Amino acid sequence: MDTLLRETVNAVVNSRFPEMSIEGRRQIESILIREEFPKGAIALNEGEVAHEIVFVGKGMLRQYYYKNGKDVTEHFSYEGCIVMCIESFLKQVPTRLIVETLEPSIIYLFPRDMIQKLARENWEINMFYQKILEYSLIVSQVKADSWRFESARERYNLLLETHPEIIKRAPLAYIASYLLMTPETLSRVRSGVL
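Please read these numbers as outputs of a predicted model, since none were measured by experiment. (Residues numbered from 1 in each chain as written. Predicted model: local features only at pLDDT ≥ 70, side-chain atom pairs only at ≥ 80, totals over all residues. Heavy atoms only, no water.)

### Overview of the state of the cysteines
Alright, step 1. Within the structure shown, the criterion is met by 0 disulfides.
Alright, step 2. Cys85 supplies the cysteine sulfur nearest to Cys81, a cysteine that is in no disulfide, at a spacing of 15 Å.
Alright, step 3. Owing to a relative accessible area of 18%, Cys81 belongs among the buried residues under this scheme. (Disulfide = S-S within 2.5 Å. Buried < 20%, exposed > 50% of the residue type's maximum accessible area, 1.4 Å probe, protein only.)

And the structure:
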């Protein structure tokens, strides 16, 4: 039995739909596909179609895109988190995002066709899937609002408060990009100058 698989499913389910039964969790476990990647690997490339929701078992990944020749970090995920290129996944169109491993990583793929099949058959899986989509929309809105209304210091402090793992583990250039600031501005924020 894959202990990491069980721990990952429990962490992801507990973060979205903690009341899911043991049977529902085991059903999810039974269809997940395990993949391992070294640091710096591309798990999904721009132009590919996202056919799965990804549960992170071990490691850290980032989603990013290119704008004006620079890469812009969209999202970080680590143990117990989900990675999803939502537009590509829902519409089955090529993504503009790239998913890269920042550490050696073990991920579990939750295939779209199986999610849909299980969601039709099992109300718990349906509710879990709904909660994943709701959470993704909320995270997108919170991030957009942060970019629009908060100062650089407020954005950094919010990240430090809500996701200290990112601050500890991700390269500073990617953190700066994620927070929509230059590495120099991030350095000033971290040192208390800003």
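That was the structure; now back to the text.
### Some details on the pattern of salt bridges
Alright, step 1. Counted under the stated rule, the structure contains 14 salt bridges.
Alright, step 2. The salt bridge partner of Arg6 is Glu29, with a shortest N-O separation of 3.0 Å. Placement of the pair is Arg6 in helix H1 (residues 3-16) and Glu29 in helix H2 (residues 22-31), with a sequence separation of 23 residues.
Alright, step 3. Overall, Arg6 belongs to the partly exposed group, its relative accessible area being 26%.
Alright, step 4. When the shortest N-O distance is used, the salt bridge between Arg34 and Glu36 registers 3.0 Å.
Alright, step 5. Salt bridges sharing partners connect three or more residues here, namely Glu79, Glu103, Glu165, Lys168 and Arg169. (Salt bridge = Lys/Arg side-chain N within 4 Å of Asp/Glu carboxyl O. Helix = DSSP H or I, 4+ residues; strand = E, 2+ residues; numbered from the N terminus.)

### A few points about the packing of H2 against helix H5 (residues 123-149)
The geometry of a pair of packed helices is captured by two quantities: the angle between their axes and the separation between those axes.
Alright, step 1. Contact geometry for H2 and H5: axes closest at 9 Å, N-to-C directions at 70°. Classified by the angle their axes make, H2 and H5 are roughly perpendicular. Packed against H2, whose contacting residues are Gly24, Gln27 and Ile28, the element H5 presents Glu124, Ile125 and Phe128 at the interface.
Alright, step 2. In terms of residue class, the contact of H2 with H5 is made up of 3 nonpolar, 2 polar and 1 charged. (Axes fitted to C-alpha atoms, helices over the stretch in contact; angles between N-to-C directions. Parallel < 35°, antiparallel > 145°, perpendicular 65-115°, else oblique. Contact = heavy atoms within 4.5 Å. Nonpolar A, V, L, I, M, F, W, Y, C, P; charged D, E, K, R; others polar.)

### Quick notes on the domain arrangement of the protein chain
Note: interface size is frequently given as the accessible area lost on complex formation between the parts.
Alright, step 1. Domain annotation of the protein chain identifies domain 1 (1-141) and domain 2 (149-193).
Alright, step 2. Summarising the inter-unit geometry, the C-alpha centres of domain 1 and domain 2 are found 24 Å apart.
Alright, step 3. In this assembly, 14 residues from domain 1 lie in contact with 10 residues from domain 2.
Alright, step 4. For the pair domain 1 and domain 2, the summed buried area comes to about 1,000 Å², and 60% of that belongs to carbon and sulfur atoms.
Alright, step 5. Of all residues in domain 1, Met60, Phe76 and Tyr78 give up the largest surface area on contact with domain 2, accounting jointly for 48% of the area buried on that side. (Domains from an automatic or database assignment. Buried area = accessible area lost by both parts, 1.4 Å probe.)

### Description of the sheet that holds strand S6 (residues 82-83)
Alright, step 1. Strands sit in the order S1-S8-S3-S6 across an open sheet of 4 strands; the sheet is antiparallel. Where the open sheet ends on each side, the last strands, each with one partner, are strand S1 (33-37) and S6.
Alright, step 2. Along the sheet face, H1 touches S1, strand S3 (52-58), S6 and strand S8 (105-111) and points at about 115° away from the line of S3.
Alright, step 3. Along the sheet, helix H4 (residues 112-121) makes contact with S3 and S8, crossing S8 at roughly 50°. (Pairing = 2+ DSSP bridges.)

### Some details on the pairing of S3
Alright, step 1. By the criterion of burial, S3 is predominantly enclosed, with 5 of the 7 residues buried.
Alright, step 2. Across 6 bridges, the pairing between S3 and S8 is antiparallel. Along S8, the bridge assignment pairs Ile53 with Phe110.
Alright, step 3. Inspection of the sheet shows S3 paired to S6 by 2 bridges, in the antiparallel sense. By the bridge assignment for S6, Val54 is matched with Val83.

### Brief notes about unusual backbone geometry
Alright, step 1. The phi dihedral of Gln92 is positive, around 55°, even though this residue is not glycine.
Alright, step 2. For Gln92, a relative accessible area of 27% translates into the label partly exposed.
Alright, step 3. One non-glycine residue with positive phi stands out, namely Leu180, at about 60°.
Alright, step 4. In this fold, Leu180 is placed in the loop between helix H8 (172-178) and helix H9 (183-191).
Alright, step 5. The exposure class assigned to Leu180 is partly exposed, which follows from its relative accessible area of 45%.

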